[in-house]
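Here is how the chains run, residue by residue.
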Amino acid sequence: MLPVSLSLNNKNILIIGGGKVAFRKAKLFLNQKANITIMSSDVLEQFYNLDVKVISKDYCDDNLSSYFLVYAATDDKCINESIVDKCNQLSILCGSATYNEKASFYSMGYKENDFGMVAVSMNQRLPYHKPIIEDMMCVFEEYRDKLELLYEIRDYVVKHCDNKKEVIKELFDVPYDMLSFIYNAIKENKGYGYIDGYDEE
């Protein structure tokens, strides 16, 4: 599996199933500003409080091709498998609430802020990994000041350096005070310096 971030803004998504898993997925996709359709003959009342379209019938594969992504969230593993198989035939992204190695994606637990995102997958071994994500986000926040400086320096590196990745990698290991000095020198157009063999005392 290759981890990616999908833009679901204004994308048509079909969730097949009307239970708790389908409801959680609907709220998740709505947060990404997707257009959500629910297909199930039996849905939780809470769905009618969401901005979703509800098709009150059991799963059928009519018009699946009109959706960017499908999520199989029924309580029947065999039905979920048939949904995944059909979507694969139509080259439609499809996830499943029950483990299926043929699914085109697995959901990841994630958390994001104004600067970025951390995500983790347990490869469906464990459905709960909130503590791990919280710890990862804490580490992310510890590096926030340095990441913001690196972001500001990035344009200069892209413009003037051939080995951009290696330069950013080396800058990441530079102490914050020195990195701030480099940034200010660049910002004030005072030139730049090459730092090698720096040891922090």
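Rules used in this analysis
- Residues numbered from 1 in each chain as written.
- Predicted model: local features only at pLDDT ≥ 70, side-chain atom pairs only at ≥ 80, totals over all residues.
- Heavy atoms only, no water.
- Axes fitted to C-alpha atoms, helices over the stretch in contact; angles between N-to-C directions.
- Helix = DSSP H or I, 4+ residues; strand = E, 2+ residues; numbered from the N terminus.
- Left-handed = near helix turned anticlockwise from the far one by under 90°.
- Contact = heavy atoms within 4.5 Å.
- Nonpolar A, V, L, I, M, F, W, Y, C, P; charged D, E, K, R; others polar.
- Pairing = 2+ DSSP bridges.
- Expected span 1.5 Å × (residues − 1).
- Buried < 20%, exposed > 50% of the residue type's maximum accessible area, 1.4 Å probe, protein only.
- Arc of directions from axis to C-beta.
- Patch = residues over 30% accessible without salt bridge, like charges linked within 9 Å, V, L, I, M, F, W, Y side chains within 5 Å.
- Areas by Shrake-Rupley, 256 points an atom, 1.4 Å probe, with all protein chains shown as cover.
- Salt bridge = Lys/Arg side-chain N within 4 Å of Asp/Glu carboxyl O.
- Phe/Tyr/Trp six-rings, centres within 6.5 Å; stacked < 30°, edge-to-face > 60°.
- Lys NZ or Arg CZ within 6 Å of the ring centre and 35° of its normal.

The next subject is the packing of helix H4 (residues 144-160) against helix H6 (residues 176-187). Packed helices, taken two at a time, are described by their axes: the angle between them and the distance between them. Put simply, H4 and H6 touch, their axes get as near as 10 Å, and they point 30 degrees apart. Relative to H6, H4 is oriented so that their crossing is left-handed. Side by side, H4 and H6 meet where Asp-145, Lys-146, Leu-149, Leu-150, Glu-152, Ile-153 and Tyr-156 of the first sit next to Tyr-176, Leu-179, Ser-180, Tyr-183 and Ile-186 of the second. Of the residues belonging to the contact of H4 with H6, the class tally is 8 nonpolar, 1 polar and 3 charged.

We now examine the sheet that holds strand S4 (residues 69-72). Read from one edge to the other, the open sheet built from 5 strands follows the order S3-S2-S1-S4-S5, with strand pairing classed as parallel. The sheet terminates laterally at strand S3 (53-55) and strand S5 (93-96), the two strands that pair on one side only. Across the sheet, the axes of successive neighbouring strands diverge by a mean angle of 20 degrees, strand direction being ignored. Of the strand pairs in this sheet, strand S2 (residues 35-39) and S3 are connected by 3 bridges, and their pairing is parallel. Each bridged residue has a counterpart across the sheet, and for Thr-37 the counterpart in S3 is Lys-53. Here helix H2 (residues 77-89) sits on the sheet in contact with strand S1 (12-16), S4 and S5, set at roughly 165 degrees to S5.

This part covers H6. Taking 1.5 Å of rise per residue, 12 residues should cover 16 Å, and H6 covers 16 Å from first to last C-alpha, within 8% of that figure. For H6, the complete set of buried residues consists of Leu-179, Ile-182, Tyr-183 and Ala-185. All buried residues of H6 lie within an arc of 160 degrees about the axis, which places them on one face of the element. Of the exposed residues in H6, those oriented more than 90 degrees away from the buried face are Asp-177, Phe-181 and Lys-187. Structurally, H6 contributes buried residues whose contacts are with H4 and helix H5 (164-172). Note on H6: the residue one or two positions beyond its end, Asn-189, has a positive phi of about 60 degrees.

Nonpolar side chains collect at one region of the surface, where Leu-2, Val-4 and Leu-6 lie side by side and expose about 320 Å² of accessible area between them. With respect to the element layout, Val-4 can be found in the segment before S1.

Another point: the packing of aromatic side chains. Summed over all chains, the structure comprises 4 aromatic pairs. Between Phe-23 and Phe-47, the ring centres sit 5.4 Å apart and the planes meet at 90 degrees, which makes this aromatic pair edge-to-face. Here the residue Phe-23 occupies a position in helix H1 (residues 20-31), and Phe-47 occupies one in the loop between S2 and S3, the gap between them amounting to 24 residues. Classification of Phe-23 by relative accessible area gives buried; the value is 14%. Taking relative accessible area as the criterion, Phe-47 reaches 1% and is therefore assigned buried. Between Tyr-99 and Tyr-106, the aromatic rings sit 6.0 Å apart at their centres with planes inclined by 35 degrees, giving tilted as the arrangement. Tyr-99 sits in the partly exposed class, given a relative accessible area of 46%. Under the relative-accessibility criterion, Tyr-106 is labelled buried at 18%. Stacked on the ring of Phe-68, the Lys or Arg Lys-11 has its end atom at 5.3 Å from the ring centre. The side chain of Lys-146 reaches across the aromatic face of Phe-172, ending 5.6 Å from its centre.

Applying the stated rule across the entire model yields 6 salt bridges. A salt bridge links Lys-102 to Asp-85, with the shortest nitrogen-to-oxygen separation between them at 3.7 Å. With Lys-102 in the loop between S5 and strand S6 (109-112) and Asp-85 in helix H2, the pair connects residues that are 17 residues apart, well separated along the chain. Accessibility expressed as a relative area gives 29% for Asp-85, which makes it partly exposed. The shortest N-O distance in the salt bridge between Lys-111 and Glu-134 comes to 3.1 Å. A residue pair is termed long-range when its members are at least 10 positions apart, and Lys-111 in strand S6 and Glu-134 in helix H3 (residues 130-142) qualify at 23 residues. By sharing partners, the salt bridges in this structure join Glu-141, Arg-144 and Glu-148 into a single network.

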